[in-house]
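Observations on chain architecture
This is what each chain is made of:
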Amino acid sequence: MPTFNDLTSLFNYIENVIITDCLQKEVYETVKEVEKRHIEKDVYDAYQPTVYNLADGMPARRRGKDGGLIADENIVGEVIGDTLSVKNKTIAAPHYVDFFLGEIVDSKNKGKPLAPMIEEGGGPNYDFPDPTRKYYYPRPFTKNTYEELKNTEEHVVAFKKGLKRLGVKVSK
């Protein structure tokens with residue numbers, strides 16, 4: 001631990017080094033894992049799709065860990081001051097396979113953020129082929145991630161773990 005000549009230097013170090021480091025590492029990883037659990041439970045396990053996104057030219061599979069909602073590269077964190085913001089930046093696929101029509105169809109949602117479509121469900125801002133299907137209804141994985149963290153305080157435990165890693169003594 002460095003030595004500080006004044007409280008301002010100490011507080012700057014705490015905010016800019018210790019807090020930021022813990023948020024970027026332990027807290028971010030924890031939030032990401034909780035979100036991934038909710039993507040599995042609230043999104044992927046909610047129903048068995050009959051209309052699939054086209055990925056790598058191969059129909060009949062979700063993108064999943066290969067560029068989909070649950071892919072590590074799509075769940076990004078940013079620390080600003082003493083706040084960690086975690087967002088899912090997955091973009092809707094340009095095509096999907098419509099098994100009702102038996103063909104590959106261009107998606108009017110291509111290029112749009114996918115997370116809000118799933119979180120909010122269908123509506124006037126999104127084009128869904130069949131509004132009676134289960135995929136049309138909200139699957140609020142982000143909201144459920146927030147609620148779980150609020151209830152379990154896993155992020156607080158992770159923050160304390162980060163502090164300990166950095167040599168800060170934490171009681172309770």
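Residues numbered from 1 in each chain as written. Predicted model: local features only at pLDDT ≥ 70, side-chain atom pairs only at ≥ 80, totals over all residues. Heavy atoms only, no water.

**Quick look at the pattern of salt bridges**
Spelled out, the test is: A carboxyl oxygen of Asp or Glu within 4 Å of a side-chain nitrogen of Lys or Arg is what we treat as a salt bridge. Runs of H or I in DSSP of at least four residues are treated as helices and runs of E of at least two as strands, each being numbered from the N terminus. Exposure is judged per residue with a 1.4 Å probe applied to protein chains only, and the accessible area is read against the type maximum: over 50% gives exposed, under 20% gives buried, and values in between give partly exposed.
Tallied over the entire structure, the rule returns ten salt bridges. Across the salt bridge formed by Arg37 and Glu154, the nearest N and O atoms sit 3.1 Å from each other. Of this pair, Arg37 sits in helix H1 (residues 7-43) while Glu154 sits in helix H4 (residues 154-165), placing them 117 residues apart in sequence. Since its relative accessible area comes to 24%, Glu154 is described here as partly exposed. Residues joined by salt bridges that share partners form a network here, namely Glu29, Lys32, Glu33, Lys36 and Asp72.

**Focus: the environment of Gln24**
Locating Gln24 in the fold gives a position in helix H1. Separated by 53 residues in the primary sequence, Gln24 and Gly77 place their C-alpha atoms 7.3 Å from one another.

**Regarding the nonpolar core**
Selection criterion: For the purposes of this section, nonpolar cores are sets of buried Ala, Val, Leu, Ile, Met, Phe, Trp, Tyr and Cys residues that join through side-chain atoms within 4.5 Å. Any two residues whose heavy atoms approach within 4.5 Å at even a single point are treated as in contact.
Of all hydrophobic cores here, the largest spans twelve residues; its members are Ile39, Val43, Tyr44, Leu69, Ile70, Ile75, Ala92, Leu114, Ala115, Met117, Ile118 and Phe141. In terms of residues, this core owes the most to one element, helix H2 (residues 114-120), which gives four residues. Look past the residues within four positions of Ile75 in its chain and what remains in contact with it is Tyr28, Lys32, Glu35, Lys36, Ile39, Leu69, Ile70, Val86, Lys87 and Asn88. The next biggest cluster of nonpolar side chains, apart from the first, holds ten residues, and it includes Leu23, Val34, Leu84 and Ala158.

**Brief notes about a nonpolar patch on the surface**
Put simply, the rule is: Think of a patch as exposed residues, more than 30% relative accessible area, with no salt bridge, where like charges cluster within 9 Å and nonpolar side chains (Val, Leu, Ile, Met, Phe, Trp, Tyr) cluster within 5 Å. Surface exposure here means Shrake-Rupley accessible area, sampled with a 1.4 Å probe, where a residue is shielded only by the protein chains that are shown.
A cluster of nonpolar side chains, contributed by Leu7, Phe11 and Ile14, occupies part of the molecular surface with about 290 Å² of accessible area. Its place among the elements puts Ile14 in helix H1. Given the relative accessible area of 30%, Ile14 is considered partly exposed.

**Section: the packing of aromatic side chains**
Short version of the rule: Pairing of aromatic side chains here covers Phe, Tyr and the six-membered ring of Trp, requires ring centres within 6.5 Å, and sorts the geometry by plane angle: under 30 degrees stacked, over 60 edge-to-face, intermediate tilted.
This structure, assessed with the given rule, holds one aromatic pair. Seen in terms of ring centroids, Phe4 and Tyr13 are 5.2 Å apart; in terms of plane orientation they differ by 50 degrees. Their pairing is tilted. The class for Phe4 is partly exposed, based on a relative accessible area of 26%. Classification of Tyr13 by relative accessible area gives partly exposed; the value is 23%.

**Overview of the pairing of strand E2 (residues 75-80)**
In plain terms, the rule: Pairing between strands is defined by DSSP: at least two bridges between the two strands are required.
Pairing between E2 and strand E3 (residues 83-88): six bridges, direction antiparallel. Looking across to E3, one finds that Val76 is bridged to Lys87. Once E2 ends, the chain turns through two residues before running back antiparallel as E3, passing Gly81 with a positive phi of about 65 degrees.

**Topic: the side chain of Arg63**
What counts here: Two N or O atoms count as a polar contact when they lie within 3.5 Å, although within protein this holds only if one can serve as hydrogen donor and the other as acceptor, and sequence-adjacent residues are included solely when both atoms are side-chain atoms.
Relative to the elements of secondary structure, Arg63 occurs in the loop between strand E1 (51-53) and E2. Engagement of the side chain of Arg63 in a polar contact is seen with the backbone oxygen of Ile91, the distance being 2.9 Å.

**Some words on the packing of H1 against H4**
Where we set the bar: Throughout, an axis means a line fitted to C-alpha atoms (over the contacting stretch in the case of helices), and angles, computed between N-to-C directions, take values from 0 to 180 degrees. Should the near helix be turned anticlockwise from the far one by less than a right angle, the crossing is left-handed, and should it be turned clockwise, the crossing is right-handed. Each residue receives one of three labels: charged for Asp, Glu, Lys and Arg, nonpolar for Ala, Val, Leu, Ile, Met, Phe, Trp, Tyr, Cys and Pro, and polar for the others, Gly being one of them.
The interhelical angle for the contact between H1 and H4, taken along N-to-C directions, is 145 degrees, at an axis separation of 8 Å. Of the two possible hands of crossing, H1 and H4 adopt the one that is right-handed. Residues Ile18, Ile19, Asp21, Cys22, Leu23, Lys25, Glu26, Val27, Thr30, Val34 and Arg37 of H1 lie in contact with H4, whose contacting residues are Glu154, His155, Ala158, Phe159, Lys161, Gly162, Leu163 and Arg165. In terms of residue class, the contact of H1 with H4 is made up of nine nonpolar, three polar and seven charged.

**Some remarks on H1**
To keep things clear, this is the line we draw: Throughout, bend refers to the angle between the axes fitted to the seven residues that end at a position and the seven residues that start at it.
The axis of H1 is deflected most strongly, by about 35 degrees, at Val27. In this structure Asp6 caps H1, since a side-chain oxygen of it lies 3.1 Å from the backbone nitrogen of Thr8.

Everything listed here is a matter of geometry and, on its own, says nothing about what the molecule does.
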